[in-house]
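# Examining the three-dimensional arrangement
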Amino acid sequence: MGQYKTTVILLCNLLSRFTCGLELVSLPEPAMIPQGDSYTVYCETDEPYEICKWSHVDQDKNCRVTSDEIEAKQGFECIDDSHIIWDLTETRCGITTQNAARSDVGEYKCTVGVLEPEVSILTASVNIDVSVPAIVTFRGTFSDTSHVELDLNSEAVVSCHVTGGYPEPTIQAAIGHEKDQIDTDEADQILEEIGNQSNQLDDGTYEVTKTFSFIASEEHCGQYVKCEAVQTDEEGQILFQEQDVMSRKLSVVFGPQPLESGFMEPFTFVEGDRELEVNIIFAANPVPENNQAIWHI
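Analysis parameters
- Residues numbered from 1 in each chain as written.
- Predicted model: local features only at pLDDT ≥ 70, side-chain atom pairs only at ≥ 80, totals over all residues.
- Heavy atoms only, no water.
- Disulfide = S-S within 2.5 Å.
- Helix = DSSP H or I, 4+ residues; strand = E, 2+ residues; numbered from the N terminus.
- Buried < 20%, exposed > 50% of the residue type's maximum accessible area, 1.4 Å probe, protein only.
- pLDDT = per-residue confidence, 0-100.
- Contact = heavy atoms within 4.5 Å.
- Phe/Tyr/Trp six-rings, centres within 6.5 Å; stacked < 30°, edge-to-face > 60°.
- Lys NZ or Arg CZ within 6 Å of the ring centre and 35° of its normal.

## Examining the state of the cysteines
Tallied over the full model, the rule gives 4 disulfides. Sulfur-sulfur distance for the disulfide between Cys52 and Cys93 comes to 1.8 Å. Negative torsions about the S-S bond denote left-handed disulfides, and the value of about 65° found for Cys52 with Cys93 makes this one right-handed. Of this pair, Cys52 sits in strand β4 (residues 51-56) while Cys93 sits in strand β8 (residues 92-97), and the two are 41 residues apart along the sequence. With its sulfur 1.8 Å from that of its partner, Cys63 forms a disulfide with Cys78. Between Cys63 and Cys78, the disulfide has an S-S torsion of -105° and is therefore left-handed. Here Cys63, found in strand β5 (residues 61-66), pairs with Cys78, found in strand β6 (residues 77-78); they are 15 residues apart in sequence, far enough to count as distant. Considered together, Cys63 and Cys78 belong to a single accessibility category, that of buried residues. When the bonded cysteines of the chain are counted from the start of the sequence, the pairing works out to 1-6, 2-5, 3-4, 7-8.

So, in structure tokens, the structure goes:
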């Protein structure tokens, strides 16, 4: 009689353990994936599952595997989508998207379950986004040539254009001596924004045009006007920032400028001296040649 009671208690404990059903011990986490990268999302259970399913809700795409197929399908395509493959163990139901694109954006739903001794089905959803680096170009006057000639004291308008960026890029323009970067601290002159147009395309990326202006000065001659796009995530972390910004070399045209007061000190000479040498340094672009600078006494 005592042995019978023990057997019943053990059987009840066993049934109680199965009645609790399957539990998820790890859930997929939302992520922002750079375009072209690979990423894996998975659900992990405390016990082996019998069925595993992933759905791309926005695209209405589904793929399913049973526990008997884990070994055969591990690392192979999920349905007919060649860039999505299975990442499976007996307790891990996952998919890896290779070469991520904007078409992969959206909600993904994981479903795992067992059918015996009782049906237990669990689901979890996650949102995946895909970031895309912006392509920066000049428009207008600065788009035609690598060198731009401006008249002294003339107003120049710089148009910086971005296509294909996600998240929406922040565009800035500057003038400085370095060609391939913008120094926002001290070295570069950050240009004043005078216009901004932004349009979100069908794939979620942005087309943005910003215009800036500056007055051409002597100091700008030989420097570079530059456009740059910076993209950050929701926490403000930089996703993309071009290492080689778009740039154009400036040439500012101006004649010899009046010398500043006190620049040239008075001089005297003794009567009878045959030679007198006077040197004056002045700014001009282009440089006068072939007696184009004329002295008057």
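Moving on from the model shown.
## Quick word on the confidence of the model for the chain
Counting all residues, the mean pLDDT for the chain is 84, and 77% of those residues have values of 70 or more. Contacts from residues 1-19, a stretch scored under 50 in pLDDT, to residues over four places away or in other chains number 3 contacts.

## A few points about the packing of aromatic side chains
Summed over all chains, the structure comprises 2 aromatic pairs. Judged by centre distance (6.5 Å) and plane angle (10°), the rings of Tyr166 and Tyr206 are stacked. A residue pair is termed long-range when its members are at least 10 positions apart, and Tyr166 in the loop between β13 (155-165) and β14 (170-176) and Tyr206 in strand β17 (residues 206-215) qualify at 40 residues. Lying across the ring of Tyr42, Arg92 places its NZ or CZ 3.6 Å from the centre. One residue, Arg102, lies across the ring of Tyr166, its end atom 4.1 Å from the ring centre.

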